[in-house]
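Read off the chains here:
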Amino acid sequence: MTATAHAHHGPAHLQHHFETSEQQFDSAKLGLWVFLLTEVLFFSALFVAYTSYRSLHPEVFAYASNYLDTNLGAANTAVLLLSSFTVAWGVRNAQLGQRKLLIMNLIITLLCAATFMGIKYKEYSHKYHEGLLWGGAEHSIFKHNQFMILDAVKEHSHAWNEGVPEAGVAAVKDLSNDQRRDVSIFFAIYFCLTGLHGIHVLAGMVLLTLILIKVLRRKITPEYYTPVDLGALYWHLVDLVWIFLFPLLYLIR
Amino acid sequence: MSNHDSHEEHCEHKGPHVVSLGLLATVLIVLLGLTGLTVVTGKMDLHGFDLAVAMLIATVKASIVCLIFMHLYWDRKFNGMIFLFAVMLLGLFLAFGVLDLGQYQANVDAYRADQIQP
């Protein structure tokens, strides 16, 4: 097909500045991969902060990691892997024109994302309650001066009073001011990394919902499934980041 | 749409590659298995190799996701190159960060010690 300038030939989804659907698809995909590159760099600054700090204070990471729940972290990993599978299956459905399966897979992916955020909420609220926050936060038990820590938090926080006895982890009240400052940096990195990742999960949910609407409105066909393909690629990146976050944060001995 | 599992080098583009459901399911099972493995090895004492083993498993998992779920194995090579480039930049960033830290941390510590003395 030869497309002359500004004349609308071919299928409805083909924009006039592209020769063919294939060219349009490849351009979109190339653009998304460049976007994923910037996403990797976006996270890389936090990974550098993590690496610098862990290499200086390995003992702080081993100590603070005991306050993260490995089971919840592993559950979240499994949930995200499952969602990656369903979204990859969704791309196959879109390519083959299996509309009902595609709708099902997108909904399962969204449910997995919601489950991930639910578990994340449980973890965050537990940490807030325990005062396991970065040093500057009001509820934190990691203030540099223990007299600045709220009495209300000291009273009910197991981390402050007992530590993790079964893991032989000292109570936070027995740490020196310097040690508390160091642990507060671990939690600052933890919340930045998981928080930025969580924002990506939420953005992914919005994206997948928009794609689902497109599918329901019959805008997705085997000839034009670019939104599904690109949305899936973005979702896989969210999964990739978590694959590294899980062992780096939760699995430190 | 073309649906062929054995695909040769991508010189000419013959429509999108459709990954078989069996392969996708196998990948999911392998990924879940590797997650279990990393939890188990994370609890063992590997004599200083803990982090290396955890990162090796994570890298294997990430590679499988990239190659199969993200279609990079069948995709145009240029897309894969872009992603490899991102990983290389990350490596460069990390390497220079660590080098800088090794070089100057002693100065920072000395400065801090001075501040506390008087």
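Residues numbered from 1 in each chain as written. Chains lettered and ligands numbered in written order. Predicted model: local features only at pLDDT ≥ 70, side-chain atom pairs only at ≥ 80, totals over all residues. Heavy atoms only, no water.

1. A look at the interface of chain B and chain A
Often the size quoted for an interface is simply the accessible area lost on bringing the parts together.
Moving on, step 1. Each partner contributes residues to the interface: chain B has 50 residues there, and chain A has 49 residues.
Moving on, step 2. Here chain B and chain A share an interface that buries about 4400 Å² over both sides, 77% of which is from carbon and sulfur atoms.
Moving on, step 3. Between chain B and chain A we count 3 salt bridges in total.
Moving on, step 4. On inspection of chain B and its partner chain A, the count reaches 4 residue pairs in polar contact (both at pLDDT 80 or more). (Contact = heavy atoms within 4.5 Å. Buried area = accessible area lost by both parts, 1.4 Å probe. Salt bridge = Lys/Arg side-chain N within 4 Å of Asp/Glu carboxyl O. Polar contact = N/O pair within 3.5 Å; in protein donor to acceptor, adjacent residues only side chain to side chain.)

2. A word on the packing of aromatic side chains
Moving on, step 1. As enumerated under the stated definition, the model contains 20 aromatic pairs over all chains in all.
Moving on, step 2. Summarising the aromatic geometry, the rings of Trp33(A) and Phe83(B) are spaced 5.4 Å apart at their centres and angled 70° between planes, so their arrangement reads as edge-to-face. Of this pair, Trp33(A) sits in helix H1 (residues 21-56) while Phe83(B) sits in helix H3 (residues 77-116), on two different chains. Taken individually, Trp33(A) and Phe83(B) each receive the classification buried, so the pair is uniform in this respect. (Phe/Tyr/Trp six-rings, centres within 6.5 Å; stacked < 30°, edge-to-face > 60°. Helix = DSSP H or I, 4+ residues; strand = E, 2+ residues; numbered from the N terminus. Buried < 20%, exposed > 50% of the residue type's maximum accessible area, 1.4 Å probe, protein only.)

3. Comments concerning helix H1 (residues 21-43) of chain B
Moving on, step 1. The end-to-end C-alpha separation of H1(B) is 34 Å, in line with the 33 Å expected for 23 residues at 1.5 Å each.
Moving on, step 2. Taken together, the buried positions of H1(B) are Leu24(B), Val27(B), Leu28(B), Leu31(B), Leu34(B), Thr35(B), Thr38(B), Val39(B), Thr41(B) and Gly42(B).
Moving on, step 3. Buried residues belonging to H1(B) abut helix H3 (70-96) and helix H8 (226-250) of chain A together with helix H2 (50-69) of chain B. (Expected span 1.5 Å × (residues − 1).)

4. Considerations on the domain arrangement of chain B
All names here are of chain B.
Moving on, step 1. Per the domain assignment, the segments of chain B are domain 1 (1-75) and domain 2 (77-118).
Moving on, step 2. Listed as interface residues are 4 residues of domain 1 and, on the opposing side, 4 residues of domain 2.
Moving on, step 3. Of the roughly 400 Å² buried between domain 1 and domain 2 on both sides combined, carbon and sulfur atoms contribute 55%.
Moving on, step 4. Along the contact surface separating domain 1 from domain 2 lie 0 salt bridges.
Moving on, step 5. Put simply, domain 1 and domain 2 have 2 residue pairs in polar contact (both at pLDDT 80 or more) between them.
Moving on, step 6. When grouped by side-chain class, the residues that make up the side of domain 1 that touches domain 2 number 2 nonpolar, no polar and 2 charged. (Domains from an automatic or database assignment. Nonpolar A, V, L, I, M, F, W, Y, C, P; charged D, E, K, R; others polar.)

5. Topic: the environment of Thr109(A)
All names here are of chain A.
Moving on, step 1. Structurally, Thr-109 can be placed in helix H4 (residues 99-130).
Moving on, step 2. With a relative accessible area of 0%, Thr-109 lands in the buried category.
Moving on, step 3. In this structure, the C-alpha to C-alpha distance between Thr-109 and Met-205, residues 96 residues apart in sequence, is 8.6 Å.
Moving on, step 4. A polar contact is formed between the side chain of Thr-109 and the side chain of Thr-86, at a distance of 2.8 Å.

6. Structural notes on the nonpolar core
All names here are of chain A.
Moving on, step 1. Counting 71 residues, the largest nonpolar core has Tyr-67, Ile-141, Val-172, Phe-186 and Phe-187 as its most contacted members.
Moving on, step 2. Those elements giving two or more residues to this core turn out to be H1, helix H2 (58-65), H3, H4, helix H6 (158-161), helix H7 (177-216) and H8.
Moving on, step 3. With 14 residues, the single largest contributor to this core is H7. (Core = buried A, V, L, I, M, F, W, Y, C linked by side-chain atoms within 4.5 Å.)

7. A look at unusual backbone geometry
Moving on, step 1. One non-glycine residue with positive phi stands out, namely Arg218(A), at about 60°.
Moving on, step 2. Tracing the sequence through the fold places Arg218(A) in the loop between H7 and H8.
Moving on, step 3. The phi dihedral of His47(B) is positive, around 55°, even though this residue is not glycine.
Moving on, step 4. Here His47(B) shows up in the loop between H1 and H2.
Moving on, step 5. Here His47(B) falls in the exposed class, since its relative accessible area comes to 67%.

8. Here's the deal with the packing of H3(A) against H8(A)
Residue and element names in this part refer to chain A.
Moving on, step 1. Their axes nearest at 9 Å, the elements H3 and H8 cross at an angle of 160°. Considering the angle they form, H3 stands roughly antiparallel to H8. You can see that H3 and H8 cross each other, and the crossing is left-handed.
Moving on, step 2. Its residues assigned to classes, the contact of H3 with H8 comprises 15 nonpolar, 8 polar and 2 charged. (Axes fitted to C-alpha atoms, helices over the stretch in contact; angles between N-to-C directions. Parallel < 35°, antiparallel > 145°, perpendicular 65-115°, else oblique. Left-handed = near helix turned anticlockwise from the far one by under 90°.)

9. Here we look at the environment of Gln115(B)
All names here are of chain B.
Moving on, step 1. Residue placement: Gln-115 occurs in helix H3.
Moving on, step 2. Looking at Gln-115, the relative accessible area reads 51%, which means it is exposed.
Moving on, step 3. Note: C-alpha distance between Gln-115 and Gln-105 (10 residues apart in sequence) is 15 Å.

10. Remarks on the packing of H4(A) against H7(A)
Residue and element names in this part refer to chain A.
Moving on, step 1. Running from amino to carboxyl end, H4 crosses H7 at an angle of 155°, the nearest separation of the two axes being 10 Å. Here H7 runs roughly antiparallel to H4, going by the angle between their axes. Considering only the axes of H4 and H7, their crossing is left-handed.
Moving on, step 2. Of the residues belonging to the contact of H4 with H7, the class tally is 21 nonpolar, 6 polar and 4 charged.

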